[in-house]
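Residue strings, one per chain:
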Amino acid sequence: MTKQTFLKGTFVLMLAGLITKILGVINKMILARVIGAEGMGLFNMAFPTLMLTVTLTQLGLPVAISKLVAEAEAHNDRKKIKRILTVSFFVVGTLSIILTLAMIAITPVLAKTVFTDERTLYPLIAIAPIVPIVAVSSVLRGYFQGIQNMKPYATAQVIEQIVRITLVYLLASALLPLGIEYAAAGAMISGVIGELASLLYMLAMFKAKKRVKVRQNFFTHLAGGRRTLFQLMHVALPTTGSRLIGSISNFFEPIVVSQSLMIAGVSVTMATKQYGMLTGFAIPLLVLPSFITHSLHVSLIPTISEAAAKNHIGTIHYRLNQALKIAMIAGGISIVISYVFAEPILDLMYDSPESAVFVNMMGPFFFLFYFQGPLQAVLQALNLASAAMINSLVGAVVKILTMLALASRPEFGIMGAAIGVVVSVILVTLLHLVTVIKSIGFSLKIMDYIKGISALLLAGVFAEICQRYLLTSWTMLPRTLTLISLVVIVYMTLAVSLRLINREELSHIPIIKRWIK
């Protein structure tokens, strides 16, 4: 398979991520209009349990596989790559069977004793079959990332969303007459089928173009894979710790918020609705371009691992600065648009303009969220995953404690939960940055950030003027799309004028590279 450069691989993932996000937004728009805020609350209460189980199943192996395969590729060691895959498939296969059965057994207890709404039982049961599917997919994903070919994984993402969006309306609508909880379960089932379609595609690509035969002498390689298992776990366990901390935090978050809101005097139904507005509408809008930082994270791990294996420290510094600049450019304009156009966007997307209050409060602070992915990728690639885990733990504990302290007070209510999320985002990002600076002597290119913030402020002023005075007689959808397009054009013009984006970087974008050359 063709090995891709860092920027090309990143842009391939970005393009797929953009398509996936658009489809995902459409999916949530459909789902929100079918099951409403209450149904979205049930959906989002059950979802963290899924993520916790998937985190335990994957055991951090995608990152570890990507890192070790990239290092093996640097030395053209095919036997090691085969041993990595053999050990990984055995580990995730065993864990997925155990955890799927455990999840099915424990969910009735969780629904009755932990969550305040017993109706979460149905979506919890519906998502259980996804665990073994995601487990196998994670190994294939780590392999493709390690050989720095992002196309199979990128295409699989799009396939998953297409299948999901095709089925979500049909299943949710068909089950809605039985109750909102059944409709939420139908939405979960559509996700399971989408993940299965994605897995089948990656398996087909792996078999068609593979360079190693995993099934041949499988148990022989497995028996001799003790050292490989140790190497995988050295990276995987701290990475799992970070994700497990996030998953446990997200698992307890709806419990803490719902219980705190009850203390504040909010009814169960209203608490579920408010939590759905915050986590189902406002936060997804703020993290809409997170596919960009995810793309940077995925591409950076093998790139930095390969550079570290060859002791190319200058390459590490260059790539990280490059990634952070891309995160600033993409995340910054997203925050500007979300902040200024929050009400019409949320009205059009979810029929919930009242959720804009959360976006306006959280938006300016979420700018730092987009730097987390690249910083964490570098820490993981440099065998500093344990430091990233500690940073995540600190952020998660502070978030939960803040939510508990504020959401239980009537004057804060659900806004206390939003403040907890913001505090965690700021803290974890700054801790990651300090850790990277201490570990590799990294220094930011300050002038890039001065230029970037200046461009964002100018774009924000222009957006506010547009929102108040331009095209006021137009209907909401064409007006909002037109104004957002104008703001993006002005911002990109400023970015190019200030040389935040240069010709060399543009030449790696698959769609426009011919024009640049």
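Residues numbered from 1 in each chain as written. Predicted model: local features only at pLDDT ≥ 70, side-chain atom pairs only at ≥ 80, totals over all residues. Heavy atoms only, no water.

Undergrad: Got a sec to walk through the overall build of the protein chain? Specific residues and values, please.
TA: A count of helical and extended segments in the protein chain gives 21 helices and zero strands. A compact globule built from 517 residues would reach a C-alpha radius of gyration of about 24 Å, and the protein chain, at 23 Å, matches this within 12%. Principal-axis analysis of the C-alpha atoms gives the protein chain an extent of 60 × 60 × 40 Å. Considering only contacts within the protein chain whose residues lie at least 6 apart along the sequence, 85% involve residues at least 24 apart. When the accessible surface of the protein chain is split by element, carbon and sulfur atoms take 68% of a total near 21400 Å². (Helix = DSSP H or I, 4+ residues; strand = E, 2+ residues; numbered from the N terminus. Rg over C-alpha atoms; globule rule 2.2 N^0.38 Å. Contact = heavy atoms within 4.5 Å. Areas by Shrake-Rupley, 256 points an atom, 1.4 Å probe, with all protein chains shown as cover.)

Undergrad: Describe the layout of surface pockets, with residues and values.
TA: Taken as a whole, the second largest pocket spans an internal volume of roughly 280 Å³. Surrounding the second largest pocket, Gly332, Ile335, Val336, Tyr339, Val340, Pro364, Phe367, Ile453, Leu456, Leu457, Gly460 and Val461 form its lining. Elements represented by at least two residues in the lining of the second largest pocket include exactly α12 (313–340) and α18 (446–469). Of the residues contributing to the lining of the second largest pocket, the split by class is 10 nonpolar, two polar and no charged. (1 Å grid on protein atoms, 1.4 Å probe; cavity = no way out; pocket = protein on both sides within 12 Å on 5 of 7 lines; lining within 4 Å. Points joined across faces, edges and corners; volume = space filled by probe spheres on them. Nonpolar A, V, L, I, M, F, W, Y, C, P; charged D, E, K, R; others polar.)

Undergrad: Before we move on, can you summarise the nonpolar core with the specific residues and values?
TA: Counting residues in each nonpolar core, the largest one holds 142 residues, and the members touching the most others are Leu61, Leu232, Phe341 and Met362. Ranked by size, the runner-up nonpolar core spans eight residues in total, among them Val12, Met150, Ala154 and Val158. (Core = buried A, V, L, I, M, F, W, Y, C linked by side-chain atoms within 4.5 Å. Buried < 20%, exposed > 50% of the residue type's maximum accessible area, 1.4 Å probe, protein only.)

Undergrad: Account for the packing of helix α3 (residues 78–114) against helix α5 (residues 130–146), with residues named and values stated.
TA: With their axes 8 Å apart at the nearest point, α3 and α5 run at an angle of 160° to one another. With respect to α5, the axis of α3 lies roughly antiparallel. Read as a crossing pair, α3 and α5 show a hand that is right-handed. Residues Ile81, Leu85, Ser88, Phe89, Val92, Ser96, Thr100 and Met103 of α3 pack against Val131, Pro132, Ala135, Val136, Ser138, Val139, Leu140 and Tyr143 of α5. Its residues assigned to classes, the contact of α3 with α5 shows 12 nonpolar, four polar and no charged. (Axes fitted to C-alpha atoms, helices over the stretch in contact; angles between N-to-C directions. Parallel < 35°, antiparallel > 145°, perpendicular 65-115°, else oblique. Left-handed = near helix turned anticlockwise from the far one by under 90°.)

Undergrad: Now, about the side chain of Ser338: what can you tell me, with residues and values included?
TA: Note on placement: Ser338 falls in helix α12. Overall, Ser338 belongs to the buried group, its relative accessible area being 3%. When sequence neighbours within four positions are dropped, the list of residues in contact with Ser338 reads Leu285, Leu286 and Val359.

Undergrad: Give me the lowdown on helix α2 (residues 61–74), citing residues and values where you can.
TA: Compared with an ideal rise of 1.5 Å per residue, which puts 14 residues at 20 Å, α2 spans 19 Å between its outermost C-alpha atoms and is within 8% of the ideal. Residues of α2 that are buried: Leu61, Pro62, Val63, Ala64, Ile65, Ser66, Lys67, Leu68, Val69, Ala70, Glu71 and Ala72. Phi for Asn76, located one or two positions after α2, is positive at around 55°. (Expected span 1.5 Å × (residues − 1).)

Undergrad: I'd love a proper account of the pattern of salt bridges, names of residues and values included.
TA: For the coordinates displayed, the defined rule picks out five salt bridges. With its nearest N and O atoms 2.6 Å apart, the salt bridge here joins Glu160 to Arg164. Here Glu160 and its partner Arg164 are both found in helix α6 (residues 151–175), four residues apart, which amounts to about one turn of the helix. Of the two residues examined, Glu160 and Arg164, each falls in the buried class. The closest approach of N and O atoms between Arg468 and Glu464, which form a salt bridge, is 3.1 Å. Placement of both Arg468 and Glu464 in helix α18 is noted, with a separation of four residues, approximately one turn of the helix. With a relative accessible area of 54%, Arg468 lands in the exposed category. Of the residues examined, Glu464 reaches a relative accessible area of 29% and is grouped as partly exposed. (Salt bridge = Lys/Arg side-chain N within 4 Å of Asp/Glu carboxyl O.)

Undergrad: Summarise the packing of aromatic side chains; cite the residues concerned and give the values.
TA: Inspection of every chain in the model, using the stated rule, returns eight aromatic pairs. Between the aromatic rings of Tyr143 and Phe206, the centroid separation amounts to 5.3 Å while the plane-to-plane angle is 85°, which identifies the pairing as edge-to-face. Here Phe206 lies in helix α7 (residues 180–209) and Tyr143 lies in helix α5, a separation of 63 residues in the sequence. Tyr143 sits in the buried class, given a relative accessible area of 1%. (Phe/Tyr/Trp six-rings, centres within 6.5 Å; stacked < 30°, edge-to-face > 60°.)

Undergrad: Give a detailed account of the packing of α2 against helix α9 (residues 226–263), specifying residues and quantitative values.
TA: Where α2 contacts α9, the axes come no closer than 7 Å and their chain directions differ by 140°. Taken together, the axes of α2 and α9 are oblique relative to one another. The two elements α2 and α9 cross, and the hand of that crossing is right-handed. Where α2 abuts α9, its residues Leu61, Pro62, Val63, Ala64, Ile65, Lys67 and Leu68 lie against Gln231, Leu232, Met233, Val235, Ala236, Thr239 and Arg243. Class assignment of the residues belonging to the contact of α2 with α9 gives a composition of 10 nonpolar, two polar and two charged.

Undergrad: Could you give me a rundown of α5, with the residues and numbers involved?
TA: Note that an α-helix has 3.6 residues per turn; residues three or four places apart therefore point the same way. If you check α5, its first and last C-alpha atoms are 24 Å apart, about what 17 residues at 1.5 Å a residue would give, namely 24 Å. Looking at the residues trailing α5, positive phi occurs at Gln148, about 60°.

Undergrad: How would you explain the environment of Met40 if you had to name every residue and give the values?
TA: Looking at where Met40 falls in the secondary structure, it is placed in helix α1 (residues 6–58). By relative accessible area, Met40 is classed as buried at 0%. Met40 has contacts with Leu31, Ala32, Ile35, Gly280 and Phe281, leaving out every residue within four places of it along the chain.

Undergrad: Residues and numbers for the side chain of Gln148, please.
TA: With respect to the secondary-structure elements, Gln148 resides in the loop between α5 and α6. Judged by relative accessible area, Gln148 falls into the buried class, the value being 7%. Of note is the side chain of Gln148, whose polar atom sits 2.8 Å from the side chain of Glu306. (Polar contact = N/O pair within 3.5 Å; in protein donor to acceptor, adjacent residues only side chain to side chain.)

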